[in-house]
Amino acid sequence: MFMEKSWKELLKQELDKPYMQDLQAFLAQEHEEGKTIYPKESEVFQAFCFHSFQETSVVIIGQDPYHNEGQAHGLSFSVKDGVRQPPSLKNIFEEIRQDLSLPMSSKGCLDPWAKQGVLLLNTILTVRKNEPKSHHNQGWEVFTDKVVELLAAREKPLVFLLWGKSAREKCAKVNAPHLCLEAAHPSPYSAHSGFFGCRHFSKANQFLKEHSLAEIDWRI
């Protein structure tokens, strides 16, 4: 399993729980049946590889991974460079352009954010090819609830960017000293209903600055 050591230590007991064993058995069965699963096994916990638990400063909650070939690589909303930007990601970059007057990125890989302490966390960490939400209610939601619980209990302030109903529900119990910024999901179906104009990226940096924490360079 690929995971930064502090995350691995914090989540060790959770990973050993019966529901996670059941989840691993489910994934093994999917592979035995010839199902294609995204992301590849070595990237399932990719969100936990770039920075430590204490270095996390911003959390962006996604849903399940992209289900088309070549897209998912373990970070919410991100695709590898050279892969066409999905519509939601394109809208995220458009909001950054409007909010911070930065040029639109032609790339789609959000590794630079992750390296600065942005946890790009999907609610569900795997998906069957071309079948969105196919791994819903198999245990991932319980695991990622634990991740949010650990972060919410941390004394060092965090910013949670919650886009859409599912993200808001996921973090409903997050309170001070953390900042929760809520908006519509960046999907083309909802971006014009509250995502565009939310200015979450400048607001996040303002909060970090006020708490003497490093601001995020949102350029990609």
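Look up a bit, the structure's there.
Treat the numbers as computed from the prediction; the structure is a model and nothing was measured.

Some details on unusual backbone geometry
- In this structure, Pro39 follows Tyr38 across a cis peptide bond, with omega equal to -10°.
- Examined against the element boundaries, Pro39 turns out to sit in the loop between strand 1 (37-38) and strand 2 (58-62).
- Between Ala176 and Pro177 the backbone carries a cis peptide bond, its omega angle lying at 15°.
- Following the sequence through the fold, Pro177 ends up in the loop between helix 6 (165-170) and strand 6 (179-183).
- Phi at Lys133 takes a positive value of approximately 60°, unusual for a residue other than glycine.
- By secondary structure assignment, the location of Lys133 is in the loop between strand 4 (127-128) and helix 5 (140-152).
- You can call Lys133 exposed: its relative accessible area is 52%.

A look at the pairing of strand 5 (residues 159-163)
- Counting buried residues along strand 5, five of its five residues qualify, which places the element largely inside the surrounding structure.
- With burial as the criterion, each face of strand 5 is covered, one bearing Val159, Leu161 and Trp163 and the other bearing Phe160 and Leu162.
- Pairing analysis gives three bridges linking strand 2 to strand 5, with the strands arranged parallel. Within strand 5, the residue paired with Val59 across the bridge is Phe160.
- Read as a crossover between parallel neighbours, the route from strand 5 over helix 6 to strand 6 is right-handed.

Let's talk about the environment of Arg219
- Mapped onto the fold, Arg219 is located in the segment after helix 7 (200-210).
- Residue Arg219 is classed as exposed on the basis of its relative accessible area, which comes to 52%.
- In this structure, the C-alpha to C-alpha distance between Arg219 and Arg97, residues 122 residues apart in sequence, is 9.4 Å.
- Here the side chain of Arg219 touches Asp217 through a polar contact of 2.8 Å, side chain to side chain.

What counts and what doesn't
- Residues numbered from 1 in each chain as written.
- Predicted model: local features only at pLDDT ≥ 70, side-chain atom pairs only at ≥ 80, totals over all residues.
- Heavy atoms only, no water.
- Helix = DSSP H or I, 4+ residues; strand = E, 2+ residues; numbered from the N terminus.
- Buried < 20%, exposed > 50% of the residue type's maximum accessible area, 1.4 Å probe, protein only.
- Pairing = 2+ DSSP bridges.
- Right-handed = clockwise from strand over helix to strand, strands pointing away.
- Polar contact = N/O pair within 3.5 Å; in protein donor to acceptor, adjacent residues only side chain to side chain.

These results come straight from atomic positions and should not be treated as a statement about function.
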